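# Descriptive structure summary
This is what each chain is made of:
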Amino acid sequence: MTTGRFITVEGIDGAGKSSHLAYLAQAMRARGAEVVVTREPGGTPLGERLRELVLHEAMETVTEALVMFAARREHVVRVIEPALARGAWVLSDRFSDATFAYQCGGRGQDRRAFAALESVVHPGRQPDATFLFDLDPAVAASRQRAQQRTPDRFEREDEAYFRRVREAYLERARADPGRFRVIDASGSLEDVRGRLAAAFEAFAA
Ligand code: TMP
C-alpha cells in the first residue's frame with residue numbers, strides 16, 4: 001500500500017500553476033498512487049458554491065478570509081482527510097498558504113489571528129510539499145491579458161496587490177524550506193515543466 005501524501009500548488013494569478021496540474025497528477029499516478037486532484041476554494045459541492053460567491057460577490061475583507069476557511073473546512077473533512085487515510089495522494093490547487101498570501105499579504109489581514117483559525121480548520125495537517133510557482137506580477141498580468149477571460153475579483157486587483165501576495169508567498173517559503181519548492185515560472189511552458197519535473201522527482205524519490 002502507498003502512503004498518502006498531500007501536495008499543494010500555489011502562486012499568484014497568471015503564474016501558470018494550473019497548466020501543470022495534469023502533469024503532476026500523471027507523475028504521481030506513474031508511481032502507482034491513487035491521486036485525488038482538487039482545488040480551493042472549492043473541492044466539495046458547498047465549497048464550489050462558496051467559491052462562486054467569493055470570486056464574484058463584493059464582500060468585506062475579514063468575511064472573505066472566513067469564507068476561504070469555511071470552504072477549506074468542508075474540503076479537509078470531506079475530501080482531503082478521507083483520501084489521505086486510504087493512502088491516496090491529494091493534489092490541491094491552492095490551500096491555506098493562499099489565504100496567508102492573498103488575505104494577509106495582499107489585504108493586510110492579521111497573520112497571527114488566521115494562524116489560530118488555521119489550527120482549528122486543519123489541526124495537525126499541512127501539505128507534505130508545496131510547489132510555489134513564482135513569477136513577476138507584471139509578466140503574470142500580461143499572460144492573463146493574453147487569455148482574454150473576464151477577470152474575477154482577485155484577478156482585477158492591481159500589480160501592487162500581486163507584489164504583496166508574491167512577497168508573502170516567498171516569505172512563507174523562506175520560513176519553511178523543507179516543505180516549499182519554489183519553481184521559477186518564467187519562460188516557456190516547457191522550461192517551467194522541466195523545473196517542476198526535477199523538483200517533483202527530488203521530492204518523490
Ligand atoms: P484560482 O484562480 O487559482 O482557482 O484561485 C481562485 C482565486 O482565489 C485566486 O485569485 C486566489 C484566491 N484565493 C484567495 O484569495 N485565498 C485563498 O485562500 C484561496 C484558496 C484562493
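This write-up is about the structure you can find in this document.

So, how was this worked out
Residues numbered from 1 in each chain as written. Predicted model: local features only at pLDDT ≥ 70, side-chain atom pairs only at ≥ 80, totals over all residues. Heavy atoms only, no water. 1 Å grid on protein atoms, 1.4 Å probe; cavity = no way out; pocket = protein on both sides within 12 Å on 5 of 7 lines; lining within 4 Å. Points joined across faces, edges and corners; volume = space filled by probe spheres on them. Nonpolar A, V, L, I, M, F, W, Y, C, P; charged D, E, K, R; others polar. Near = heavy atom within 4 Å. Polar contact = N/O pair within 3.5 Å; in protein donor to acceptor, adjacent residues only side chain to side chain. Areas by Shrake-Rupley, 256 points an atom, 1.4 Å probe, with all protein chains shown as cover. Sits in = over half its atoms within 2 Å of the grid points. Helix = DSSP H or I, 4+ residues; strand = E, 2+ residues; numbered from the N terminus. Expected span 1.5 Å × (residues − 1). Buried < 20%, exposed > 50% of the residue type's maximum accessible area, 1.4 Å probe, protein only. Contact = heavy atoms within 4.5 Å.

Take empty space enclosed by the protein next. One pass over the structure, following the stated rule, counts one cavity of 30 Å³ or more. One number sums up the size of the largest cavity: a volume of about 40 Å³. For the lining of the largest cavity, the class distribution of residues is six nonpolar, one polar and two charged.

Our next topic: the site of the ligand. Taken together, 14 residues form the shell around the ligand, and within it Lys 17, Arg 51, Arg 94, Thr 99 and Gln 103 come nearest. Residue Lys 17 places a side-chain N or O atom 2.9 Å away from an oxygen atom belonging to the ligand. Contact distances for the ligand include 2.7 Å between an oxygen atom and a side-chain N or O atom of Arg 94. Calculation on the ligand without its partners gives an accessible area of 480 Å², and the protein chains cover 94% of this total. In a pocket analysis with a 2 Å cut-off to the grid points, the ligand is assigned to the largest pocket. Contributions of two or more residues to the shell around the ligand are made by helix H2 (45-56), helix H3 (61-85) and helix H4 (96-106). Counting residues per element, the shell around the ligand draws most heavily on H4, which supplies four residues. By residue class, the composition of the shell around the ligand is six nonpolar, two polar and six charged.

What follows is about the layout of surface pockets. Where empty space is left in the structure can be found by rolling a water-sized probe over the atoms. In this structure, the largest pocket occupies an estimated 770 Å³ of space. Residue lining of the largest pocket: 39 residues in total, with Asp 13, Lys 17, Ser 18, Arg 94 and Glu 155 positioned closest to the centre. Of all the secondary-structure elements, those providing two or more residues to the lining of the largest pocket are strand S2 (35-39), H2, H3, H4, helix H6 (137-147) and helix H8 (189-204). Among the elements that make up the lining of the largest pocket, the one with the highest residue count is H4 (four residues). Considered class by class, the residues forming the lining of the largest pocket number 13 nonpolar, 14 polar and 12 charged. Computed from the structure, the second largest pocket encloses a volume of approximately 300 Å³.

In an α-helix, one turn spans 3.6 residues, which is why side chains three or four residues apart end up on the same side. Relative to the 22 Å expected for 16 residues at 1.5 Å per residue, H8 spans 22 Å between its end C-alpha atoms, a close match to the ideal helical length. Residues of H8 that are buried: Val 192, Leu 196, Ala 197, Ala 199, Phe 200, Phe 203 and Ala 204. Contacts made by the buried residues of H8 are with strand S1 (5-11), helix H1 (21-29), strand S3 (89-93), strand S4 (129-134) and strand S5 (180-184).

Worth remembering: the numbers are spatial, not functional.
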